[in-house]
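Below, each chain spelled out in residue letters.
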Amino acid sequence: MTSAVVGSPRHQDGSDSPATDVASRWRSPVSWLIVVAVLHAASPLVLLGAHWWFGIDETVYLSQINAHVPAGGFSAPRARGTTFVAAPVTMLTTSVAAVRVWVAVLSGLGLFVAFHPWLRLRGGTAVPLAALMFATLWPVIFYGFAVMPNEWVAFAALAATGYLLRFITGGQRRYLVGVGVAMALVALLRPSDAAYAGFALVACCLFLRVSKRRRLAAAAAVAFGALAGVSEWVVEAITSYGGVAARIHAAQGENGGGGLHFAGAAQARALAGPVLCRGTCHVSAGIAYQLWWIVLGSLVVVAIVYGWRQRRLTLELVPVVVGLAMATQYVFAVTYAAPRFLIPAYALLSLPCASGALAVVHRVRAGAPRLALGVGLTGALVANTALQVHVITSFIAPSGRSTGVEIQADAKRLHQLGVRGSCLVLGSPGDNQDLAYATGCTNVPRAVPLVHEAAQDGTHVVWLNHIPPPKAYGLRWRPAQLPGRTPGAPVHVYLSAGAD
């Protein structure tokens, strides 16, 4: 009897042994989701490095709440939510690595929090598999440590949808708080995304087969959360942009001028990079880089059909509706392509995509056929992950890394030329924000008299343009050259040298 007790995996009271408990916990969906979140946090740091320099949009957000760098120009389409992501670091240090590591860790935590509400809605491995499918896409990896709004919008929209379905299926009112908070975050980060996601969620609420009271409560949580989150943007529109309508018009002007456009083909061509394809950009991703779009769509259709047959269509269809709604504005309302725009849609579609893949496996006869299909689908996921990593290492990283080195070299040269302390970078408004941030300057445009007055008070004025600055500034200038962004093409600048 003694030997039987020692050798048994269970205690004398029939409960599992500690070793069995630990093994069981690590096989649970929660544990696998934690693993995916850790991988997501680590992947951009491993592939790109903690010292990866900031993009122009990032420097705008980073400069807004910063104890070391003055605020850069904040255009109409932007919202303040992203500035809070890195604020705890920018208030303490200018270290690039500190920002990257901080945001990467937050991003891993955000992925876990976003997918966690779905664990009770979908059993088994569906949720961690969906998180893995999402986390292995190159835009998700690349922006995993970036101070940009799109991935955070994805997490918040995914959580809002999950909590809404938890409330609809269970009725616990505490989930309405999750819906409201998540929608407030979406609106604080990107008001236009909140409008599309909110409209889709409210529309779904109206058609769900539950009590009217429950549907109205869910719709109200969505609406109140979105309104609370967008309030800051509205107040700023009134105080700084001439009103809400004026700010919306200005934002549309920067993104294509409003109206209907079709950017879906451009998004498909940019599936292998670059991170932004606008104006004269002409790229064409091969079919190998576009194939996963076809697979994604096919598996989503399978999930919808399977959900209908299993009488769980709501769980499959709602994230599809919300995801497609959030993609709509970037496919039909802008004139250019940026792969990051579709990250929220990918997050929401990853859930039915994973369900579709598992449904295909379970439809096959158990035994060798099912095992072979499972191995094949696993191999496809591994191959797609390798392809996504290849896009980053071969197409994204080389140009991005060289640009970062050149910007920092230009900033170092400006410091050598005496540009320190209070300084202002003017000229070439599309190119001066990143240099202004690296130099510790501001690039907020000023009227001519204010520029003259600032220069008299000791502010260093830098005119970043090969064309000499206007004489209206009433300043003396000395020309200089920076190392340049391309070999053999130095950047021409003019430095203020006093008043005329």
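Keep in mind that this is a model prediction, so the values were computed, not measured.

What counts, and where the lines are drawn
- Residues numbered from 1 in each chain as written.
- Predicted model: local features only at pLDDT ≥ 70, side-chain atom pairs only at ≥ 80, totals over all residues.
- Heavy atoms only, no water.
- Helix = DSSP H or I, 4+ residues; strand = E, 2+ residues; numbered from the N terminus.
- Rg over C-alpha atoms; globule rule 2.2 N^0.38 Å.
- Buried < 20%, exposed > 50% of the residue type's maximum accessible area, 1.4 Å probe, protein only.
- Areas by Shrake-Rupley, 256 points an atom, 1.4 Å probe, with all protein chains shown as cover.
- Lys, Arg positive; Asp, Glu negative; His and termini not counted.
- Charge placed at Lys NZ, Arg CZ, Asp CG, Glu CD.
- Contact = heavy atoms within 4.5 Å.
- Polar contact = N/O pair within 3.5 Å; in protein donor to acceptor, adjacent residues only side chain to side chain.
- Salt bridge = Lys/Arg side-chain N within 4 Å of Asp/Glu carboxyl O.
- Axes fitted to C-alpha atoms, helices over the stretch in contact; angles between N-to-C directions.
- Left-handed = near helix turned anticlockwise from the far one by under 90°.
- Nonpolar A, V, L, I, M, F, W, Y, C, P; charged D, E, K, R; others polar.
- Pairing = 2+ DSSP bridges.
- Expected span 1.5 Å × (residues − 1).
- Arc of directions from axis to C-beta.
- Core = buried A, V, L, I, M, F, W, Y, C linked by side-chain atoms within 4.5 Å.

### As for the overall build of the protein chain
Right, so step 1: For the protein chain, the count of helices and strands is 20 helices and four strands.
Right, so step 2: Computed over C-alpha atoms, the radius of gyration of the protein chain comes to 26 Å, within 12% of the 23 Å expected from 2.2 N^0.38 for 500 residues, which places it in the range of a compact globule.
Right, so step 3: The proportion of buried residues among the 500 residues of the protein chain is 48%.
Right, so step 4: Surface accessibility of the protein chain: about 23,000 Å² in total, with carbon and sulfur atoms responsible for 65%.
Right, so step 5: For the protein chain, the centre of its 36 positive side-chain charges and the centre of its 18 negative side-chain charges are spaced 13 Å apart.

### What to know about the environment of alanine 197
Right, so step 1: The topology assignment puts alanine 197 in helix α11 (residues 191-207).
Right, so step 2: A C-alpha to C-alpha distance of 9.0 Å links alanine 197 and threonine 161, two positions 36 residues apart in sequence.
Right, so step 3: Residue contacts for alanine 197: discarding those within four places in its chain leaves Val322 and Met326.

### Description of the side chain of glutamine 329
Right, so step 1: Mapping glutamine 329 onto the fold places it in helix α16 (residues 313-332).
Right, so step 2: Given a relative accessible area of 8%, glutamine 329 falls into the buried group.
Right, so step 3: In this structure the side chain of glutamine 329 is engaged in a polar contact, spanning 3.2 Å, whose partner is the side chain of serine 192.
Right, so step 4: A polar contact is formed between the side chain of glutamine 329 and the side chain of tyrosine 330, at a distance of 3.5 Å.
Right, so step 5: Discounting chain neighbours no more than four positions away, the residues touching glutamine 329 are Ser192, Asp193, Tyr196 and Val334.

### Some remarks on the pattern of salt bridges
Right, so step 1: Following the criterion strictly, the structure yields eight salt bridges and no others.
Right, so step 2: Here arginine 78 makes a salt bridge to aspartate 57, at a shortest N to O gap of 2.7 Å. Linking arginine 78 in the loop between α4 (56-64) and α5 (83-90) with aspartate 57 in helix α4, this pair joins segments that are 21 residues apart in sequence.
Right, so step 3: Relative accessible area serves as the criterion here: at 15%, arginine 78 is assigned to the buried category.
Right, so step 4: Across the salt bridge formed by glutamate 236 and arginine 247, the nearest N and O atoms sit 3.2 Å from each other.

### Here's the deal with the packing of helix α9 (residues 150-170) against helix α17 (residues 343-363)
Right, so step 1: Viewed as axis vectors pointing N to C, α9 and α17 meet at an angle of 35°, and their least axial separation amounts to 7 Å. Here α9 runs over α17; the crossing is right-handed. Between α9 and α17, the contacting residues are Asn150, Glu151, Val153, Ala154, Ala157, Leu158 and Thr161 on the first element and Ile343, Pro344, Ala347, Leu348 and Leu351 on the second.
Right, so step 2: Tallied by class, the residues present in the contact of α9 with α17 amount to nine nonpolar, two polar and one charged.

### Comments concerning the pairing of strand β1 (residues 423-426)
Right, so step 1: The two faces of β1 match: Cys423 and Val425 on one face and Leu424 and Leu426 on the other face are all buried.
Right, so step 2: Examined bridge by bridge, β1 and strand β2 (residues 460-464) share four bridges and lie parallel to one another. Note that in β2 the partner of valine 425 across the bridge is valine 462.

### Some thoughts on helix α6 (residues 96-115)
Given 3.6 residues per helical turn, the α-helix brings residues three or four places apart onto the same face.
Right, so step 1: Between its first and last C-alpha, α6 extends 29 Å over 20 residues, near the 28 Å set by a 1.5 Å rise per residue.
Right, so step 2: Every buried residue of α6 is accounted for by Val96, Ala97, Val99, Arg100, Val103, Ala104, Ser107, Gly108, Gly110, Leu111, Ala114 and Phe115. The arc that holds the buried residues of α6, viewed along the axis, is 160°, so those residues lie on one side. Away from the buried face of α6 by more than 90 degrees, exposed residues Val105 and Leu109 are located.
Right, so step 3: Of the surrounding elements, those touching the buried residues of α6 are α3 (29-48), α4, α5, α7 (126-135), α9 and α17.
Right, so step 4: N-cap assignment for α6: the residue whose side-chain oxygen lies 3.4 Å from the backbone N of alanine 97 is serine 95.

### What to know about the nonpolar core
Soluble, globular proteins show a tendency: their nonpolar side chains are buried together.
Right, so step 1: Judged by nonpolar contacts, the single largest core of 134 residues is most densely connected at Leu111, Phe115, Phe134 and Leu164.
Right, so step 2: With 10 residues, the next largest nonpolar core counts Leu424, Ala455, Trp463 and Trp477 among its residues.

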